[in-house]
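Overview (structure and organization)
What follows is each chain in one-letter form.
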Amino acid sequence: MVKICGIGAGYVGGPTMAVIALKCPSIEVAVVDISHSRISAWNSNKLPIYEPGLEQVVNQCRGKNLLFSTNVEKHVHEADIIFVSVNTPTKIRGLGAGKAADLTYWESAARMIADVSRCNKVVVEKSTVPVRTAEAIEKILCHNTNSKGIKYQILSNPEFLSEGTAIQDLLNPDRVLIGGNQCPEGLEAIQKLKAIYAHWVPEDRIITTNLWSAELSKLADNAFLAQRISSINAMSALCEATGAEVSQVSHALSKNTKIGPKFLNASVGFGGSCFQKDILNLVYICESNGLTEVANYWKQVIKVNDYQKSRFVKRVVTSMFNTVSGKKIAILGFAFKKDTSDTRKTPAIDVCKGLLGDNACLTIYDPCVTEEQIQKDLSMDGVEWDQQPMSSTMVKQVSVVGDAYEATKEAHGICILTEWDEFKNIDYQRVYDNMHKPAFVFDGRNILNVDKLREIGFIVYSIGRPLEQWLKNMPQQA
Ligand code: NAD
Ligand code: UDX
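Under an unreviewed UniProt entry, the name given to the chain is UDP-glucose 6-dehydrogenase, and the source organism is Glycine soja. Comment text from UniProt for the chain, heading Pathway (unreviewed entry), reads "Nucleotide-sugar biosynthesis; UDP-alpha-D-glucuronate biosynthesis; UDP-alpha-D-glucuronate from UDP-alpha-D-glucose: step 1/1." You can read under Catalytic activity (unreviewed entry) in the UniProt record for the chain the words "UDP-alpha-D-glucose + 2 NAD(+) + H2O = UDP-alpha-D-glucuronate + 2 NADH + 3 H(+)".

See below:
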């Protein structure tokens, strides 16, 4: 029986290994992590991450061919193939701080693999890493091995799942990318990994490349996706200034088969643990290779994203008569997108901090994010994934509540920051009746029916909608 060990039981490692276990009943899959709390959650009825469909997959396999453990060394020692899905955050200090990927977790995983391995292993990079990381990993493995004659083959097999749709993405991927050394042993390792995916992925969707192309493709993939969002967000600012409407522009663009329909939704800005981190990493690699112009091109994607978030805050404050001081603002949605409880780099953090900076009182509701998480996010300076809260001065103006009606009660304004479906179905007449007047809605996700809201009496700002329309409403309502 082939044995697989997945190091890192996070958003990628957990679901990815669970789906491999589901689709390959003949393979024993052990998922290991240094975090005891994460592993005990994986072994409980309340999984550590919220992902539609994940619970069913885990329940089907856990205790059969899928196990979660903190005994990292044992399971690495026993495995034939080791997937490494540890976190690779942006470095916060030292050379490349603020841009380069921090490979500390990866390096420590590699040193541990070298330490406990007693036979040949295939080591798979699942984490997103800088191009040519495999070279460094190979050096660490070969120079630290405890048993003579052990051979490691390193493969790059980046993960393309999106949070909120991870299980569907894993069950039905548009492609699986495997990069490896182009020597006979490398090609053999590629075939070994390909055989695992072939249990459920059609062969023509499994792409094989050299190592560096696979590593770089992942960074390129995220950079291209984020670039589309920044492009449409840049257009949204122009729409507001000119009377064009961004949803009509994106619809027109989407019909161009050369452009296609996806990732054209204007928003308050993109979030998530990947886009910003991976573009910064790309920028750093470009700069390290003397490619200043290329680095500057990608930097602009992040600058436009920051601009979009601060533009939104400015719009809220200026609309509400240039001050939100002491005003209650309801924040609907805190997760970086719907169907996840993940708040890493969510635009809600920057928007809330911006409003708190103007002394607003925030009442936050998100169907999936806990109060503890929100308080933690708003009290950190936002640079380190596992940082402890630094101060609690700002968060006193924040309360977290259990539903949208409570959040909006006696509020002066509402900001929609995540596109949760339930926000489309709220009784906005009831909400309006319980708010201070004039009652404002700022739709950062363009999910609401603006005309209906205006009929009720709200003053509505929606990303990329002509500003004249909004201004025209204001004197009538104020
Ligand atoms: P995560 O923080 O949720 O999970 C990483 C896990 O690795 C943590 O639980 C941590 O405790 C564990 N870990 C760290 N060092 C370890 C070690 N030496 N031994 C054992 N466990 C260790 O991160 P994530 O979101 O799953 O992302 C993991 C990687 O996948 C990153 O490189 C990320 O860029 C990439 N990625 C993420 C996504 C996504 O949607 N989150 C998608 C594609 C790729
Ligand atoms: C992303 C990539 O899509 C995925 O391929 C990669 O493996 C990990 O990073 P993820 O961050 O989970 O996935 O979610 P995604 O759906 O890409 O959304 C990222 C952010 O962009 C969210 O904040 C989302 O709300 C925003 N977004 C997305 C927009 O603002 N507009 C869009 O049209 C699409």
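Focus: the sheet that holds strand β7 (residues 176-180)
Taken together, the 8 strands give an open sheet; going across it, the order is β3-β2-β1-β4-β5-β6-β7-β8, and neighbouring strands pair in mixed fashion. Only two strands of the sheet have a single neighbouring strand rather than two, namely β3 (66-69) and β8 (206-210). Going from strand to strand, the sheet's axes swing by 25 degrees on average, the running direction of each strand aside. Across 4 bridges, strand β4 (residues 81-84) lies against strand β5 (residues 121-125) in parallel orientation. Directly across from Phe83, in β5, lies its bridge partner Val124. This element, helix α9 (residues 211-242), spans β5, β6 (152-156), β7 and β8 of the sheet and lies at about 115 degrees to β8.

Brief notes about the layout of surface pockets
Reported here for the second largest pocket is a volume of approximately 240 Å³. Along the walls of the second largest pocket sit Asp80, Asn120, Lys121, Val122, Lys151, Tyr152, Gln153, Glu185, Glu188, Ala189 and Lys192, which together make up its complete lining. Those elements that provide at least two residues to the lining of the second largest pocket are β5, β6 and α8 (184-197). Ranked by residue count, the leading element in the lining of the second largest pocket is α8, at 4 residues. Residues belonging to the lining of the second largest pocket are distributed by class as follows: 3 nonpolar, 2 polar and 6 charged.

What to know about the pairing of strand β9 (residues 328-332)
In terms of residue burial, β9 counts as a mostly covered element, since 5 of its 5 residues are buried. Every second residue of β9 is oriented toward a common face, with Lys328, Ala330 and Leu332 on one face and Ile329 and Ile331 on the other, all of them buried. Examined bridge by bridge, β9 and strand β10 (residues 361-365) share 5 bridges and lie parallel to one another. Following the sheet pairing, Ala330 is matched in β10 by Thr363. Crossover handedness for the path β9 to helix α13 (residues 347-357) to β10: right-handed. As paired elements, β9 and strand β12 (residues 413-416) share 4 bridges and run parallel to each other. Bridged to Leu332 within β12 is Ile416.

Remarks on the site of ligand 1
Close contacts around ligand 1 come from 26 residues, with Val12, Asp33, Thr88, Glu163 and Lys277 the closest. Take Tyr11: an N or O atom from its main chain is 3.0 Å from an oxygen atom of ligand 1. One nitrogen or oxygen atom from the side chain of Ser108 is found 3.2 Å from a nitrogen atom belonging to ligand 1. In isolation ligand 1 has 830 Å² of accessible area, and contact with the protein removes 95% of it. A per-element tally of the shell around ligand 1 places helix α5 (residues 104-116) first, with 3 residues.

Some details on the packing of aromatic side chains
This structure, assessed with the given rule, holds 13 aromatic pairs. Between Trp42 and Phe68 the ring centres are 4.9 Å apart and the planes differ by 5 degrees, which places this aromatic pair in the stacked class. Placement of the pair is Trp42 in helix α2 (residues 36-42) and Phe68 in strand β3, with a sequence separation of 26 residues. Judged on exposure class, the residue Trp42 and its partner Phe68 are both buried. For the pair Phe224 and Trp298, a centre-to-centre distance of 5.9 Å together with 35 degrees between the ring planes defines the contact as tilted. On the criterion of sequence distance, the pair formed by Phe224 in helix α9 and Trp298 in helix α12 (residues 292-319) is long-range, its members being 74 residues apart. With a relative accessible area of 10%, Trp298 lands in the buried category. Among the aromatic residues, those joined into a ring-pair cluster are Phe312, Phe321, Phe440, Phe442 and Tyr461.

What to know about the nonpolar core
Judged by nonpolar contacts, the single largest core of 61 residues is most densely connected at Phe312, Ile329, Leu355, Leu362 and Phe458. Beyond its immediate stretch of four places on either side in the chain, Phe312 contacts Val268, Val351, Cys415, Leu417, Phe442, Asp443, Gly444, Tyr461 and Ile463. One finds Tyr11, Val19, Trp42 and Ile196 within the second-largest nonpolar core, a separate group that totals 41 residues.

What about the site of ligand 2?
With respect to spatial proximity, 20 residues lie near ligand 2, and among them Leu161, Glu163, Ser267, Phe336 and Arg445 are the closest. At 2.8 Å, a side-chain N or O of Lys218 approaches an oxygen atom of ligand 2. Contact distances for ligand 2 include 3.3 Å between an oxygen atom and a backbone N or O atom of Leu264. Here ligand 2 loses 91% of its free accessible area of 660 Å² to cover by the protein chains. Among the elements that make up the shell around ligand 2, the one with the highest residue count is α9 (4 residues). Each of two domains, domain 1 (3-201) and domain 2 (302-473), supplies a minimum of three residues to the shell around ligand 2.

A short note on empty space enclosed by the protein
Under the counting rule described, the total for this entry stands at 2 cavities of 30 Å³ or more. The computed volume of the second largest cavity comes to approximately 30 Å³. Lining the second largest cavity, in full, are Glu125, Ser127, Thr128, Val129, Ser156, Pro158, Ala214, Glu215 and Lys218. Residue contributions to the lining of the second largest cavity peak at 3 residues, all from α9. Among the residues making up the lining of the second largest cavity, the classes are represented as 3 nonpolar, 3 polar and 3 charged.

What about helix α11 (residues 275-288)?
Think of an α-helix as turning once every 3.6 residues; residues three or four places apart then point the same way. Its 14 residues place the ends of α11 20 Å apart at the C-alpha level, agreeing with the 20 Å of an ideal helix rising 1.5 Å per residue. Within α11, 11 of the 14 residues are buried, which leaves the element mostly enclosed by the surrounding structure. Turning to α11, its buried residues are Phe275, Gln276, Lys277, Asp278, Ile279, Leu280, Asn281, Leu282, Val283, Ile285 and Cys286. Next to the buried residues of α11 lie α9 and α12. At the exit of α11 stands Gly290, carrying a positive phi of roughly 75 degrees.

Conventions adopted
- Residues numbered from 1 in each chain as written.
- Chains lettered and ligands numbered in written order.
- Predicted model: local features only at pLDDT ≥ 70, side-chain atom pairs only at ≥ 80, totals over all residues.
- Heavy atoms only, no water.
- UniProt positions renumbered as here; feature names shortened; annotations may be inferred.
- Pairing = 2+ DSSP bridges.
- Helix = DSSP H or I, 4+ residues; strand = E, 2+ residues; numbered from the N terminus.
- Axes fitted to C-alpha atoms, helices over the stretch in contact; angles between N-to-C directions.
- Contact = heavy atoms within 4.5 Å.
- 1 Å grid on protein atoms, 1.4 Å probe; cavity = no way out; pocket = protein on both sides within 12 Å on 5 of 7 lines; lining within 4 Å.
- Points joined across faces, edges and corners; volume = space filled by probe spheres on them.
- Nonpolar A, V, L, I, M, F, W, Y, C, P; charged D, E, K, R; others polar.
- Buried < 20%, exposed > 50% of the residue type's maximum accessible area, 1.4 Å probe, protein only.
- Right-handed = clockwise from strand over helix to strand, strands pointing away.
- Near = heavy atom within 4 Å.
- Polar contact = N/O pair within 3.5 Å; in protein donor to acceptor, adjacent residues only side chain to side chain.
- Areas by Shrake-Rupley, 256 points an atom, 1.4 Å probe, with all protein chains shown as cover.
- Phe/Tyr/Trp six-rings, centres within 6.5 Å; stacked < 30°, edge-to-face > 60°.
- Core = buried A, V, L, I, M, F, W, Y, C linked by side-chain atoms within 4.5 Å.
- Domains from an automatic or database assignment.
- Expected span 1.5 Å × (residues − 1).

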